[in-house]
Amino acid sequence: AQTVTQSQPEMSVQEAETVTLSCTYDTSESDYYLFWYKQPPSRQMILVIRQEAYKQQNATENRFSVNFQKAAKSFSLKISDSQLGDAAMYFCAYRSAAAPGDMRFGAGTRLTVKP
Amino acid sequence: GAVVSQHPSRVICKSGTSVKIECRSLDFQATTMFWYRQFPKKSLMLMATSNEGSKATYEQGVEKDKFLINHASLTLSTLTVTSAHPEDSSFYICSVSRGTGDFSWGYTFGSGTRLTVV
């Protein structure tokens, strides 16, 4: 079974600085999708960014970008120019292309942004 | 993307009673919905996959007689916690997969339901 590991329970960043959240996963599949979700205090899960495993190019969404290393099974999230509104729990998630109904989440990283 | 409405957002019930949580896909016909449970400061745990017109598929360790799921239409799935006990207190979240055939998209989540059993 696929597992997703987020080794940083908590991270802190100064406003306007850059922070990187780590995620590794374990799978024997070659076709899958990876996601980063944000869960602010409201508890609403919000999709931040996604990456298809067959794409070598790293996904980018405004201030958010990923470093996808397929061979290393690593999928880190970089937040540039951090803002106070970025403070939240961040979950890394894996979704198999063969069993798309099954999305696996990491344990989460709580990001604090200091003014 | 899909818009998912979950109701109620908070509910307090007495031990032994049943509680129903609704999940509606407002702009998308969802043949499949997913129910998650999230313990405080923990990750999301998939409880079951709700299939329109058929029985739900439960994850290992989830009691199907305790957590009744009904997916009677393409826009509505309900989760009923039967004979609730304090240990059922948790945050329950539903989600919809936006695309059929395009699974590169993630889920759209409801806003969650905080259940407290007293």
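Residues numbered from 1 in each chain as written. Chains lettered and ligands numbered in written order. Predicted model: local features only at pLDDT ≥ 70, side-chain atom pairs only at ≥ 80, totals over all residues. Heavy atoms only, no water.

S.K.: Mind showing me how you'd approach the overall build of chain A here?
M.R.: Along chain A, the regular secondary structure elements total zero helices and 12 strands. The helix and strand sequence of chain A, counted from the amino end, reads β-β-β-β-β-β-β-β-β-β-β-β. Rg of the C-alpha trace for chain A: 14 Å, near the compact-globule value of 13 Å for 115 residues, within the 12% margin. C-alpha extents for chain A along the principal axes are approximately 45 × 25 × 20 Å. Every one of the 115 residues in chain A was classed for burial, and the buried ones make up 50%. Summarising the internal contacts of chain A: among those between residues at least 6 apart in sequence, 55% fall at separations of at least 24. Of the roughly 5,500 Å² that chain A leaves accessible, carbon and sulfur atoms contribute 46%. Placing the 12 positive and 11 negative side-chain charges of chain A at their respective mean positions leaves the two points 2 Å apart. (Helix = DSSP H or I, 4+ residues; strand = E, 2+ residues; numbered from the N terminus. Rg over C-alpha atoms; globule rule 2.2 N^0.38 Å. Buried < 20%, exposed > 50% of the residue type's maximum accessible area, 1.4 Å probe, protein only. Contact = heavy atoms within 4.5 Å. Areas by Shrake-Rupley, 256 points an atom, 1.4 Å probe, with all protein chains shown as cover. Lys, Arg positive; Asp, Glu negative; His and termini not counted. Charge placed at Lys NZ, Arg CZ, Asp CG, Glu CD.)

S.K.: Help me out: how do you make sense of the state of the cysteines in this one?
M.R.: Here, disulfide denotes a covalent bond that connects the sulfur atoms of two cysteines. Following the criterion strictly, the structure yields two disulfides over all chains and no others. The residue that forms a disulfide with cysteine 23 of chain A is cysteine 92 of chain A, at a sulfur-sulfur distance of 2.0 Å. Between cysteine 23 of chain A and cysteine 92 of chain A, the S-S dihedral sits near -70°, and the bridge is therefore left-handed. Of the two residues, cysteine 23 of chain A is situated in the loop between β3 (19-21) and β4 (24-26) and cysteine 92 of chain A in strand β10 (residues 88-96); the sequence distance between them amounts to 69 residues. Grouping residues by exposure puts cysteine 23 of chain A and cysteine 92 of chain A together as buried. Here cysteine 23 of chain B connects covalently by a disulfide to cysteine 94 of chain B, the sulfurs 2.0 Å from one another. Its S-S torsion of approximately 80° makes the covalent link between cysteine 23 of chain B and cysteine 94 of chain B right-handed. Of the two residues, cysteine 23 of chain B sits in strand β3 (residues 19-25) while cysteine 94 of chain B sits in strand β9 (residues 90-97), which places them 71 residues apart along the sequence. (Disulfide = S-S within 2.5 Å.)

S.K.: Can you help me understand the nonpolar core in this one?
M.R.: Side chains of nonpolar character tend, in soluble globular proteins, to be buried together. Residues and elements named next belong to chain A. In terms of nonpolar packing, the biggest core is built from 25 residues, with Tyr25, Trp36, Phe75, Leu77 and Tyr90 touching the most fellow members. Going through the elements one at a time, β3, β5 (32-39), β6 (46-52), β8 (64-69), β9 (74-79), β10 and β12 (109-114) are the ones with two or more residues in this core. Sort the elements by how many residues they give to this core and β10 lands first, with four residues. (Core = buried A, V, L, I, M, F, W, Y, C linked by side-chain atoms within 4.5 Å.)

S.K.: Sorry, what's going on with the sheet that holds strand β1 (residues 4-7) of chain B here?
M.R.: Sheets are built from strands paired through backbone hydrogen bonds, the pairs being either parallel or antiparallel. Residues and elements named next belong to chain B. With respect to topology, four strands assemble into an open sheet ordered β1-β3-β8-β7, the strand pairing being antiparallel. Each of the sheet's edge strands pairs with one partner strand only, and the pair in question is β1 and β7 (67-73). When strand polarity is set aside, the average angle formed by the axes of neighbouring strands in this sheet is 15°. Summarising the sheet, β7 and strand β8 (residues 76-81) pair through five bridges and their orientation is antiparallel. Counterpart to phenylalanine 67 in the pairing with β8 is valine 81. (Pairing = 2+ DSSP bridges. Axes fitted to C-alpha atoms, helices over the stretch in contact; angles between N-to-C directions.)

S.K.: Would you mind showing me how to read unusual backbone geometry here?
M.R.: Negative phi is the rule for most residues except glycine; trans is the rule for most peptide bonds. Here the bond from histidine 7 of chain B into proline 8 of chain B is cis, since omega is 0°, no more than 30 degrees from zero. Mapped onto the elements of the fold, proline 8 of chain B is located in the loop between β1 and β2 (10-13). In this model, alanine 16 of chain A sits at a positive phi of 80°, which is unusual for a non-glycine residue. The exposure class assigned to alanine 16 of chain A is partly exposed, which follows from its relative accessible area of 47%. Positive phi, normally seen in glycine, also occurs at aspartate 81 of chain A, with a value near 50°. Looking at where aspartate 81 of chain A falls in the secondary structure, it is placed in the loop between β9 and β10.

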